[in-house]
Every structure is written in C-alpha cells, then in structure tokens.
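# Analysis of the macromolecular model
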Amino acid sequence: MNPYIEKLYKLSTKNERIIIGLMSGTSLDGLDIAVCKISNFGADTKCEVTHFATISYSDEIKNKIRPVFSTETVELKYLTLLNPWIGTLHGHFINQKLTEWGIKNEDIDLIASHGQTIYHCPNSFHSFSDFNNGTLQIGDADHIAAETNIITLSDFRQKHIAAGFEGAPLAQYGDYNLFANHQKDTLLLNIGGIANFTFIGKGYGVNDVICSDIGPGNTLMDQYVQKHFGIDFDKDGEIASKGVINSDLLDLLLSLSFIKQAMPKTTGPELFNLELLEKLLSQINAEVSPHDIMATLNEFTANCIVKHIQQLDITNSTDVLVSGGGAHNLAIVAKLQDKLGKHFRVLKLDENGINADSKEAVLFAILANETVMNANAGSKNGKQLTMGKISLPL
Ligand SMILES: Nc1ncnc2c1ncn2[C@@H]1O[C@H](COP(=O)(O)OP(=O)(O)O)[C@@H](O)[C@H]1O
Ligand SMILES: [Mg+2]
C-alpha cells in the first residue's frame, strides 16, 4: 500500500489530528495559516488553534496575482505558470512559519488549502445557457504537498458545485461543527472582501443552517482607497468617518439586484468593483468627494449586513460573532450594533483560540477533518458531501 494512503487511514483512527488550515480570500491581503488540534468530527468536533499567523502578501506578490484576479480576460500562459507558483509559495510560507514556531513538518498530519480565488461565477452572474455555477481557485496543492512533505487537501469548492450548490459559502459546515449551541440561536458574521453569515437556530441540524453571502465586505472600500488614497485599507474606518453619507449613491447601491436576490446567494469582486461604482456615480448629478464616497461605501456594507440579518426574523436575544478583517473596522462594528439594536450583541469572535482573524482558515481545517473522518459534512438529496482533493508529497 502506498504509505501515504496508509497514513491517511491511520489518521482517521487517531484521537486527535493536527491540521493546518490555509485561507487567502478576495482581499488579497495575505495567507492565513492556522495550526489546529482537532478531535472527533461532525457536531462533536473539538478544535484548538495552537498557532496562527497571517503572512501579508508583498506588493510584488499582489502584483503577480492582480492580472488574473476577478478579470474576464487573462493571458493563458501567465495563468498556467502562476498556478504552480502560488502553490509553491504557500508551501514555502508554511515551512517558514513551522520553523519559526519550532514545529517539525512531520508533526503536521494534513494541510487544508483553500487556494487563491481568482474568479467566482455563480449562475446568476453569467449568461452562458449551457453552463451552471463555477469558481476557480489556484495554487495547486501538489506543489504544497511537495514543498512541505505534508499530505494536502485542497479545492474544496468544486464538490459543493458538483452537488448543485454555488461553491460558496462553505462556512456552514465548520461553523455548525464548532459553534452550534443547542440552548440558543447562533449567528456568525464574517466580513472579508465579501461578507457572509451563518445562522444556526436552536435545535437546527447542519442542513437547516442558513448560510449566504450578503454583499461587500471590505472589497469596495479596499479597492477605492487603494486607487484614491494609495493605502491598502481604511484602518478602523477612519477615512469613512470623516465623510458624509451620500444618500443618492447609497440608494443606488442598495437597489442592486444582488441585494434583493433571495438567500442563499454568492458574489465576489467580479460584481462589486470600481467599474460598478463609477457607473453608479455617473447616474448622480452632483460631484461626490472621496471621503463622502468612503462614508457611503462603509454605510453600504453595514446597511447590507443589517438588512440581511433582519430577513432572518430572529426574535430572541442573539450574539453576532464577527470575524474577518472587517471585525477590526470600528466604524462598521459600531454601526452594526446601533442598527441591530439591543436584541443583538455584536462581538468580535474569540473562542478556544479561534478568533476573528483565524476563523476562515480554521474552517478549512475542519472540512479536511470531515473528509478524513468520512463524516456527513453536508448533503444534497441525502447524498454525502465529502469535500477536497488529496495531494500526496513527492
Ligand atoms: N484595522 C482594520 N480596520 C479596517 N479594516 C481592516 C482592519 N484590518 C483588516 N481590515 C480589512 O480586512 C481585510 C482583510 O480581511 P480578510 O478577512 O482577510 O478578508 P479575505 O478573506 O477576503 O482575505 C483588509 O483588506 C481590510 O479591508
Ligand atoms: Mg485575508
């Protein structure tokens, strides 16, 4: 038997697995690396994050990815070469962190790699009548496995699409396993480039969970400040706080068809980008200053999140556990608390070492754990959904 296959089998019989979860989302800010000690599976999953870091992408790396990121036309030769390059880069980042943390590669059981999303294309976003949903993440995991000598699971979203879903959000499964509370409703909100939430009502099974993208996130604000202020993001929402909300622009943003579309739904910077913003601004007669645009985009993100939470019809007092980089945006968090009212407590997620920054990476480690343990991670028409492809080291 191939020793790696045997290793996989043995892993499923161990009490505890050490799995590295990786996440690099649409913000292109960097690679999140979470070392997770995971026992059990399904609703009994226990997970402790022993080490976590985000390795920021340098400008050089960002500039390498941007030519193929959420853009309709790419140079195929370039994309072909970028795919293994990112895999090797992520493997190199893992090696670097493990050395720094004094952890031997052989002590890691598995890596769970999300890959770098370059295009997300749900059915609602294209007009090719013969095609359904699609999404593309690159950074091939054979290169991560070869670089680290660790078995790597990757490309989790394709199985979700094969089962008839949109490939996102996948947070439903990990959120349920980690945070479902049978005594009360649980609401998890992630504000990355795109915002999504997971609502787990008291007594829900994993397939009752409501999990959907909401809209942006940070992506519009990030794209705008990068172009007009020359910075990566609006720290603590300071720029937005200095502007005045433009109600015409806000109304146009809130009346986009994606916002009105029923949940579950998914989106990305393929829709929410500066081209869209320019188009909407051209429909307004008055000049809108950059600070006012930022104030409006910030308000749009908060407003959109609140609108979608209100659709959940939650009547009990509920904590909103916020993760993702947007959890650090004080202006947004304050608005969420203000608009949602005293029935809700808006809190930065921080449980068992799983915090606002690490959660998304941890969720992929949980998916890999489900795949190895053959648990019912999710299902479609009663069929089991086992996500992720397996790459073996050299
Ligand atoms: N202190 C902060 N203030 C405001 N926004 C922040 C702060 N820290 C991080 N962010 C935002 O979070 C983004 C990264 O969020 P992240 O959860 O990593 O998203 P993704 O999953 O898309 O990579 C940054 O691009 C930035 O917009
Ligand atoms: Mg990120």
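First, a word on scope: everything that follows refers to the structure included in this document. If you're wondering where the values come from, they're calculated on a predicted model, not measured in any experiment.

Taken as a whole, this structure holds five aromatic pairs when the rule is applied. Ring centres 5.8 Å apart and planes at 45 degrees place the aromatic pair Phe-128 and Phe-131 in the tilted group. Accessibility expressed as a relative area gives 57% for Phe-128, which makes it exposed. Phe-131 gets classed as exposed once you look at its relative accessible area, which sits at 54%. These aromatic residues form a ring-pair network of at least three members: Phe-258, Phe-272 and Phe-300.

Another point: the packing of helix H12 (residues 290–310) against helix H13 (residues 330–340). Contact geometry of H12 with H13 gives a least axis separation of 9 Å together with a crossing angle of 40 degrees. Regarding the angle of H12 to H13, the classification is oblique. Our pair here, H12 against H13, has a crossing hand that is right-handed. Contacts between H12 and H13 involve Ala-295, Asn-298, Glu-299, Thr-301, Ala-302, Asn-303, Ile-305, Val-306, Ile-309 and Gln-310 from the former and Ala-331, Ile-332, Lys-335, Leu-336, Lys-339 and Leu-340 from the latter. Looking at the contact of H12 with H13 residue by residue, the classes come out as nine nonpolar, four polar and three charged.

What follows is about the environment of Lys-307. Within the secondary structure, Lys-307 is located in helix H12. By relative accessible area, which is 35% here, Lys-307 ends up partly exposed. Taking the C-alpha atoms as reference points, Lys-307 and Asp-222, separated by 85 residues in sequence, lie 22 Å from one another. With near-sequence residues (within four places) excluded, Lys-307 lies in contact with Leu-254 and Ile-259.

Within the structure, ligand 1 sits among 17 residues, and Ser-27, Gly-193, Asp-222, Asp-236 and Gly-325 are positioned closest to it. Within the side chain of Ser-27, an N or O atom sits 2.7 Å from an oxygen atom of ligand 1. In the model, an oxygen atom of ligand 1 is placed 2.9 Å from a nitrogen or oxygen of the Gly-193 main chain. When the free accessible area of ligand 1 is taken as 580 Å², the share hidden by the protein chains comes to 88%.

Under the defined criterion, the tally for this structure stands at twelve salt bridges. The partner of Asp-175 in a salt bridge is Lys-359, with the nearest N and O atoms 2.9 Å apart. Within this pair, whereas Asp-175 is found in helix H6 (residues 171–179), its partner Lys-359 is found in helix H14 (residues 359–373), the two being separated by 184 residues in sequence. For the pair formed by Asp-175 and Lys-359, the shared burial category is buried. Among the salt bridges present, the one from Lys-339 reaches Glu-299, with a minimum N-O distance of 2.5 Å. Pair noted here: Lys-339 is in helix H13 and Glu-299 is in helix H12, with a separation of 40 residues, a long-range link. Judged by relative accessible area, Lys-339 falls into the partly exposed class, the value being 31%. Overall, Glu-299 belongs to the buried group, its relative accessible area being 8%. Salt bridges here are not isolated pairs; linked through shared partners, they connect Lys-184, Asp-319 and Arg-345.

Our focus in this paragraph is the sheet that holds strand S11 (residues 344–348). With respect to topology, five strands assemble into an open sheet ordered S9-S8-S7-S10-S11, the strand pairing being mixed. In this open sheet, the two edge strands, each paired with only one partner strand, are strand S9 (210–216) and S11. Here the average twist between neighbouring strands, direction ignored, is 20 degrees. Pairing geometry for strand S10 (residues 318–323) and S11, over five bridges, is parallel. Note on S11: the bridge partner recorded for Asp-319 is Arg-345. Lying over the sheet, H12 contacts strand S7 (186–191), strand S8 (194–200), S9 and S11, oriented at roughly 155 degrees with respect to S9. In the packing of H13 onto the sheet, contacts are made with S7, S10 and S11, and the angle to S11 comes to roughly 165 degrees.

To continue, consider unusual backbone geometry. Backbone torsion omega between Ala-168 and Pro-169 reads -20 degrees, so that peptide bond is classified as cis. Position of Pro-169 among the secondary structure elements: in the loop between helix H5 (157–162) and H6. With phi around 55 degrees, Leu-28 is a residue other than glycine that occupies positive phi space. In this fold, Leu-28 is placed in the loop between strand S1 (16–24) and strand S2 (30–39). Although it is not a glycine, Asn-40 sits at a positive phi angle of roughly 60 degrees. Overall, Asn-40 belongs to the partly exposed group, its relative accessible area being 39%.

The rules we used
Residues numbered from 1 in each chain as written. Chains lettered and ligands numbered in written order. Predicted model: local features only at pLDDT ≥ 70, side-chain atom pairs only at ≥ 80, totals over all residues. Heavy atoms only, no water. Phe/Tyr/Trp six-rings, centres within 6.5 Å; stacked < 30°, edge-to-face > 60°. Buried < 20%, exposed > 50% of the residue type's maximum accessible area, 1.4 Å probe, protein only. Axes fitted to C-alpha atoms, helices over the stretch in contact; angles between N-to-C directions. Helix = DSSP H or I, 4+ residues; strand = E, 2+ residues; numbered from the N terminus. Parallel < 35°, antiparallel > 145°, perpendicular 65-115°, else oblique. Left-handed = near helix turned anticlockwise from the far one by under 90°. Contact = heavy atoms within 4.5 Å. Nonpolar A, V, L, I, M, F, W, Y, C, P; charged D, E, K, R; others polar. Near = heavy atom within 4 Å. Polar contact = N/O pair within 3.5 Å; in protein donor to acceptor, adjacent residues only side chain to side chain. Areas by Shrake-Rupley, 256 points an atom, 1.4 Å probe, with all protein chains shown as cover. Salt bridge = Lys/Arg side-chain N within 4 Å of Asp/Glu carboxyl O. Pairing = 2+ DSSP bridges.

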